[in-house]
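Structure at a glance
What follows is the residue order along each chain.
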Amino acid sequence: MPTSDVRQRHHRPYGGHESDPEVEFGKDYEHLLYSSAFRRLGGVTQVVGVNETALFHNRMTHSLKVAQVGQRLTKKLLDKMDNDRQLYGVVEEYGGGLDSGVVYAACIAHDLGRPPFGYVAEMALRKLTTGRPDTSDRDGSQVFPAVGEGEELSDSYSNHAQTFRIVNKLAFRESYGDGKSAALNLTRATLAALLVYPWSFADRTRPVGWGNTDQLPSWGYYDSEKDLFEFVSGLIRPRTVTLPNGEESIEYRTVEAQVVNWADDITYAIHDVEDFFRAHLIPLDILNRSDERFAEFFDYAWKRVERVFVSENASQAQRQAARERVEQFLNEARTKLPVRPYTGSRYDREDLHTFASTIIHSATEHTELTKDGLVRPAERDL
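Everything numeric here is computed off the predicted structure, so don't read it as measured data.

From N to C terminus, the protein includes 14 helices and six strands. Looking at the protein as a whole, 48% of its 382 residues qualify as buried. Within the protein, residue pairs in contact and separated by at least 24 positions form 66% of the contacts whose partners lie at least 6 positions apart. By element, 51% of the accessible surface of the protein is carried by carbon and sulfur atoms, the whole surface being about 18,600 Å².

What follows is about empty space enclosed by the protein. Enumeration over the complete set of coordinates arrives at one cavity of 30 Å³ or more. In this structure, the largest cavity spans a volume of roughly 30 Å³. Forming the boundary of the largest cavity are Phe277, Pro338, Val339, Arg340, Pro341, Tyr342, Asp348 and Asp351. Tallied by class, residues from the lining of the largest cavity come to five nonpolar, no polar and three charged.

What follows deals with the environment of Leu32. The residue Leu32 is located in helix 1 (residues 21–33) in this model. Taking the relative accessible area as the measure of exposure, Leu32 reaches 1% and is therefore buried. On a C-alpha basis, the gap between Leu32 and Ala171 in space is 9.2 Å, while along the polypeptide they are 139 residues apart.

As a further point, take the side chain of Thr370. Along the polypeptide, Thr370 turns up in the loop between strand 5 (367–369) and strand 6 (375–377). The buried category is assigned to Thr370, whose relative accessible area is 13%. In this view, Thr370 contacts Leu87, Val90 and Arg376; residues no more than four positions away in its chain are not counted.

Three or more residues of helix 4 (residues 86–93) are buried, namely Leu87, Val90 and Val91. Projected onto a plane normal to the axis of helix 4, the buried residues spread over an arc of 90° and lie on a single side. Each element contacted by the buried residues of helix 4 is listed here: helix 3 (59–83), helix 10 (255–278) and strand 5. Looking one or two places after helix 4, you find Gly95, whose phi comes out positive at around 125°.

With respect to the helices and strands, the residue Asn261 is situated in helix 10. Owing to a relative accessible area of 18%, Asn261 belongs among the buried residues under this scheme. Residues contacting Asn261, with those up to four places away along its chain left out, are Val196 and Arg253.

We now examine the nonpolar core. With 64 residues, the main nonpolar core has Leu32, Leu98, Leu112, Val167 and Leu369 as its most contacted residues. Counting residues per element, this core draws most heavily on helix 5 (residues 100–109), which supplies eight residues. Leu32 has contacts with Phe38, Ala105, Ile108, Ala109, Leu112, Val167, Leu184 and Leu186, leaving out every residue within four places of it along the chain. Core analysis: the second largest hydrophobic core is formed by eight residues, Phe294, Trp302, Val310 and Ala314 among them.

A separate point is the packing of aromatic side chains. Pairs of aromatic rings are described using the distance from one ring centre to the other and the angle between the two planes. Tallied over the entire structure, the rule returns ten aromatic pairs. Ring centres of Phe294 and Phe298 lie 6.4 Å apart, and the angle between their planes is 25°; this geometry places the pair in the stacked category. Residue Phe294 and its partner Phe298 are both found in helix 12 (residues 291–309); the two are separated by four residues, about one turn of the helix. A network of ring pairs unites the aromatic residues Phe294, Phe297, Phe298, Trp302 and Phe309 as a single cluster. In this arrangement the basic side chain of Arg239 is found over the ring face of Tyr94, its NZ or CZ atom lying 4.2 Å from the centre.

Turning to the confidence of the model for the protein, a few remarks are in order. Across the protein, pLDDT averages 84, with 83% of residues at or above 70. The low-confidence segment residues 133–141, where pLDDT is below 50, has 15 contacts with residues more than four positions distant or belonging to other chains. For residues 207–213, every residue scores under 50 in pLDDT, and the model assigns this stretch 20 contacts once sequence neighbours within four places are set aside.

Now for helix 6 (residues 118–129). For helix 6, built from twelve residues, the straight-helix expectation of 16 Å at 1.5 Å per residue is met to within 8% by its first-to-last C-alpha distance of 17 Å. Every buried residue belonging to helix 6 is among Gly118, Ala121, Glu122, Met123, Arg126, Lys127 and Thr129, and all of these are buried. Elements that come into contact with the buried residues of helix 6 comprise helix 3 and helix 7 (159–170).

What counts, and where the lines are drawn
- Residues numbered from 1 in each chain as written.
- Predicted model: local features only at pLDDT ≥ 70, side-chain atom pairs only at ≥ 80, totals over all residues.
- Heavy atoms only, no water.
- Helix = DSSP H or I, 4+ residues; strand = E, 2+ residues; numbered from the N terminus.
- Buried < 20%, exposed > 50% of the residue type's maximum accessible area, 1.4 Å probe, protein only.
- Contact = heavy atoms within 4.5 Å.
- Areas by Shrake-Rupley, 256 points an atom, 1.4 Å probe, with all protein chains shown as cover.
- 1 Å grid on protein atoms, 1.4 Å probe; cavity = no way out; pocket = protein on both sides within 12 Å on 5 of 7 lines; lining within 4 Å.
- Points joined across faces, edges and corners; volume = space filled by probe spheres on them.
- Nonpolar A, V, L, I, M, F, W, Y, C, P; charged D, E, K, R; others polar.
- Arc of directions from axis to C-beta.
- Core = buried A, V, L, I, M, F, W, Y, C linked by side-chain atoms within 4.5 Å.
- Phe/Tyr/Trp six-rings, centres within 6.5 Å; stacked < 30°, edge-to-face > 60°.
- Lys NZ or Arg CZ within 6 Å of the ring centre and 35° of its normal.
- pLDDT = per-residue confidence, 0-100.
- Expected span 1.5 Å × (residues − 1).

What follows is the structure, encoded as structure tokens:
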């Protein structure tokens, strides 16, 4: 297996690459688009059963929209790089480059390992596959019986690691030398862009500085794909970065992996809200019409996001200033919310689409790449 090198971003673990990186990155998308693993996503949902209504997003439509947002983010960052040539050195150092083809392919692939119904189903699978579940039970309940000694998997279940396994081992496309499957045989750059959590199950508890916590939320590959991770690992360059709240952390992801992750965050946040509004579970129209209800919502939300904007050692004045800044931003954003409950009418569909597209456009426009290789919302815009 070839050694990792930023100059070999378009190389594949089982060979078969040509000399033109752009051609190879385009092939990654084609391999994914025609895979049965991608077609399966049409039957996987996050909020409701796939047969309940055609109005809700499934994982396939979500992935396609993530890919579109990822491409838009890439274009915006490349435009900014043209005005700040130093940023070209940043992306070269932390992943070898920023290519829209890589981002698009990784966005298409990012949810291949997702079970139906998202986080809840993933936690259930973790319970089923290990006698020491890392499930963060909110109510302390034990839904499944403990796995017998010697029967548990050494690295449990992670949708990210499952995605990495699917594209490298389970999805069928071609075989190599000894008849074993080469799966989709994606390029090094695309595989690295899929590694949002570039460590194994065993490494997730090490104090690596991810979000200033010693307990990491997930992992990116199983032990069975360790050799494939090593093929990619030369593109992963840990570095110290400054978070929006002013604290320092360690960033492992390539720039392209961060773009994929941010595109996913933007897309699922908006589309989950859309789906819950359609299902009459989130009354967006009330937040638009009522200052009192908006104030209640903001008090609730601020307690959960304060640490993103304010460091642990911030003064009370700094905390209050950050709160007021975010509240002002959200007050302006809520004017884009629908003004009445969703009925499915043409007007309601148009109103909801306008809201979603406006917020997505704003999020992609106001994204920056810092000199230490961190993709984040532009600080001056909040």
